[in-house]
Amino acid sequence: MRNTTISRIREKDLNKVITWKSNQRLSDQIMARKKHLNLNEAKMWLKTNERDKNQVIKGIYQEEFNKLFFVGIVRLMFIDFKAKTTELGIYIGEEDYHNKGVGSNALRLIINHAFQNLNLNKIYLKVANTNEKAIKLYLNNNFKIEGILSEHYFNLTTNAYEDIYHMSLFKKSYII
Amino acid sequence: MKNNQYIILGQSVFCIDKIKLVAVNYSHILQIKKWRNEQIKFLRQKTLITDKDQIEYYNQVIKPSFLDTKPKQILFSIIEDNYLIGYCGLVHIDWFSRNAELSFLLETKLYSDQDQYFEKFSSFLKMIQQIAKNIGLHKIYTYGYDVSCYRFKPLISQKFTKEANLVDHVLVDNKLTNVLIYSKII
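**Student:** Can you walk me through the overall build of chain B in this structure?
**Tutor:** The secondary structure content of chain B amounts to four helices and eight strands. In chain B, the succession of α and β elements from N to C terminus is β-β-α-α-β-β-β-α-β-α-β-β. Radius of gyration (C-alpha) of chain B: 16 Å, near the 16 Å computed for a compact globule of 186 residues. Judged by the C-alpha coordinates and their principal axes, chain B covers about 45 × 35 × 30 Å. Sorting the 186 residues of chain B into buried and exposed places 30% on the buried side.

Put into structure tokens, the structure is as follows:
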């Protein structure tokens with residue numbers, strides 16, 4: 001799928017964020033705890049994250065039929081401008097857009113932003129061992145596994161412990 | 001000096017040999033602040049802490065957590081012969097996954113004597129593991145900068161496993177440095 005962009009999350013899209021954050025399965029997939037936000041809390045959540053100088057938060061938008069659909073969120077967190085590192089978080093909240101290459105497009109866009117615009121040197125992330133598609137996507141983009149934290153996340157959907165992979169990508173290993 | 005108590009722990013003092021852990025006490029926080037500032041390059045702390053910051057942190061974060069049945073952190077002063085030698089604790093406690101990060105800081109001068117460091121760290125490490133077990137945690141882990149291997153010896157001797165080596169992850173003394181994660185299922 002083409003025509004994926006990442007840009008500022010529009011206030012009118014926050015209802016989708018509220019839905020995604022309250023979805024247990026999606027929350028477990030990205031190892032975040034389910035949250036029930038109202039619209040004001042969601043606005044505050046966005047404002048706080050956008051104001052954070054050590055973070056970039058963007059919406060993932062997919063263009064179809066000349067319309068932009070808000071389908072997910074991508075974040076660079078804990079940006080350390082001295083060590084030039086950041087933690088990446090990415091998810092496609094709209095299930096209809098899973099397995100269509102949207103995540104892959106968004107990943108490349110945010111990597112380019114981190115390395116070229118922000119001049120960072122290392123992007124790292126954490127992913128559950130059960131999220132095989134995501135791990136494959138990261139490996140295909142030259143991320144390497146730096147460690148495996150065993151039985152580190154308790155998945156409330158499956159009622160089981162999962163291992164967490166620590167993965168990272170250095171600028172020198174990334175082929176644009 | 002009256003000891004504080006974390007309601008979740010049911011006791012206020014833990015002892016092994018000469019080393020005692022007590023819930024972090026107000027009278028210790030400025031000394032701890034001084035050590036944190038002296039050792040800032042080894043901590044995630046980005047700026048120097050002021051007295052006011054530290055007092056506010058005690059009143060707004062630490063003190064209320066004594067009464068919390070699921071606190072996000074449990075912090076102890078480490079005492080040897082009635083003398084404060086550091087602090088340690090379980091932080092970022094995840095009550096769903098039942099894990100926590102072990103955080104610790106010893107008096108700055110103790111780092112120059114490797115044997116003393118090993119002995120004191122080993123004592124409080126044993127107690128912290130027991131405390132973690134008592135409150136139902138499944139795993140504890142700790143992050144450390146890969147600057148000197150003796151710092152990890154007490155962990156290795158108590159069967160902690162190196163689970164990750166995060167390459168060139170932080171800047172210490174203007175040099176990119178690896179971060180190691182040691183963990184143990186308890």
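**Student:** Before we go on, may I ask you to explain the nonpolar core in this structure?
**Tutor:** If you look at soluble globular proteins, the nonpolar side chains tend to sit buried side by side. Counting residues in hydrophobic clusters, the biggest one holds 68 residues, and the most contacted among them are A:Ile60, A:Ile110 and B:Ile78. It is helix 4 (residues 102-117) of chain A that provides the largest number of residues to this core, a total of seven residues. Those residues in contact with A:Ile60 that lie beyond four places of it in its chain are A:Thr4, A:Ile6, A:Val71, A:Gly72, A:Ile73, A:Val74, A:Ile92, A:Val102 and A:Ala106. Of all hydrophobic cores here, the second largest spans five residues; its members include A:Ile9, A:Val17, A:Ala42 and A:Leu46.

**Student:** Can you help me understand the confidence of the model for chain B in this one?
**Tutor:** Close reading of the predicted structure is inappropriate where its pLDDT is low. Per-residue pLDDT for chain B averages 92, and the proportion of residues at 70 or more is 98%. Here the predicted complex scores 0.91 on pTM and 0.90 on ipTM.

**Student:** Help me understand the packing of helix 1 (residues 14-21) of chain A against helix 3 (residues 39-51) of chain A, please; the structure alone is not making it clear to me.
**Tutor:** To describe two helices that pack against each other, one gives the angle between their axes and the distance between the axes. Residues and elements named next belong to chain A. Running from N to C, helix 1 and helix 3 point in directions that differ by 100°, and their axes come no closer than 10 Å. Here helix 1 is positioned roughly perpendicular relative to helix 3, judged by the angle of their axes. Taken together, the residues of helix 3 that come into contact with helix 1 (itself represented by Leu14, Val17 and Ile18) are Leu39, Ala42, Lys43 and Leu46. Along the lines of polarity and charge, the residues of the contact of helix 1 with helix 3 split into six nonpolar, no polar and one charged.

**Student:** Just to check I follow, could you spell out the interface of chain B and chain A for this structure?
**Tutor:** Often, the extent of an interface is quoted as the loss of accessible area on bringing the components together. The partner chain A presents 17 residues to the 19 residues of chain B that form the contact. Elements supplying a minimum of two residues to the side of chain B that touches chain A: strand 7 (161-172) and strand 8 (175-185) of chain B. Top element by residues in the side of chain B that touches chain A is strand 7 of chain B. It accounts for nine residues.

**Student:** What am I meant to see in the environment of B:Ile78 here?
**Tutor:** Residues and elements named next belong to chain B. Along the chain, Ile78 turns up in strand 3 (residues 74-80). Once the C-alpha coordinates of Ile78 and Pro154 are considered, the two residues, 76 residues apart in sequence, prove to be 16 Å apart. Those residues within four positions of Ile78 in sequence are excluded, and the remaining contacts are Ile19, Leu21, Ile85, Gly86, Tyr87, Cys88 and Phe124.

**Student:** Any chance you could explain unusual backbone geometry here in plain terms?
**Tutor:** Of note in the backbone geometry, A:Asn66 takes a positive phi value of approximately 60° without being a glycine. Summarising the element assignment, A:Asn66 is placed in the loop between strand 2 (56-64) and strand 3 (67-80). Phi is positive for B:His92, which is not a glycine, with a value near 50°. Here B:His92 is to be found in strand 4 (residues 83-94). The exposure class of B:His92 is exposed, given the 12 C-beta atoms found within 10 Å.

**Student:** For this particular structure, what's the right way to read the pairing of strand 3 of chain A?
**Tutor:** Remember that side chains alternate between the two faces of the sheet whenever the strand is regular. All names here are of chain A. With nine bridges joining them, strand 2 and strand 3 adopt antiparallel strand pairing. Bridging across to strand 3, Glu64 finds its partner in Lys67. Strand direction decides the pairing type here: strand 3 and strand 4 (residues 85-92), joined by seven bridges, are antiparallel. Looking across to strand 4, one finds that Val74 is bridged to Ile90. Here strand 3 hands over to strand 4 after four residues, with Lys84 in that stretch at a positive phi of 65°.

**Student:** Before we go on, may I ask you to explain the environment of B:Gly136 in this structure?
**Tutor:** With respect to the helices and strands, the residue B:Gly136 is situated in the loop between helix 3 (114-134) and strand 6 (139-145). In sequence terms B:Gly136 and B:Arg98 are 38 residues apart; their C-alpha atoms lie 7.1 Å from each other.

Conventions and cut-offs
- Residues numbered from 1 in each chain as written.
- Chains lettered and ligands numbered in written order.
- Predicted model: local features only at pLDDT ≥ 70, side-chain atom pairs only at ≥ 80, totals over all residues.
- Helix = DSSP H or I, 4+ residues; strand = E, 2+ residues; numbered from the N terminus.
- Rg over C-alpha atoms; globule rule 2.2 N^0.38 Å.
- Buried ≥ 20, exposed ≤ 12 C-beta atoms within 10 Å, placed from the backbone.
- Core = buried A, V, L, I, M, F, W, Y, C linked by C-beta atoms within 7 Å.
- Contact = placed C-beta atoms within 7 Å.
- pLDDT = per-residue confidence, 0-100.
- Axes fitted to C-alpha atoms, helices over the stretch in contact; angles between N-to-C directions.
- Parallel < 35°, antiparallel > 145°, perpendicular 65-115°, else oblique.
- Nonpolar A, V, L, I, M, F, W, Y, C, P; charged D, E, K, R; others polar.
- Pairing = 2+ DSSP bridges.

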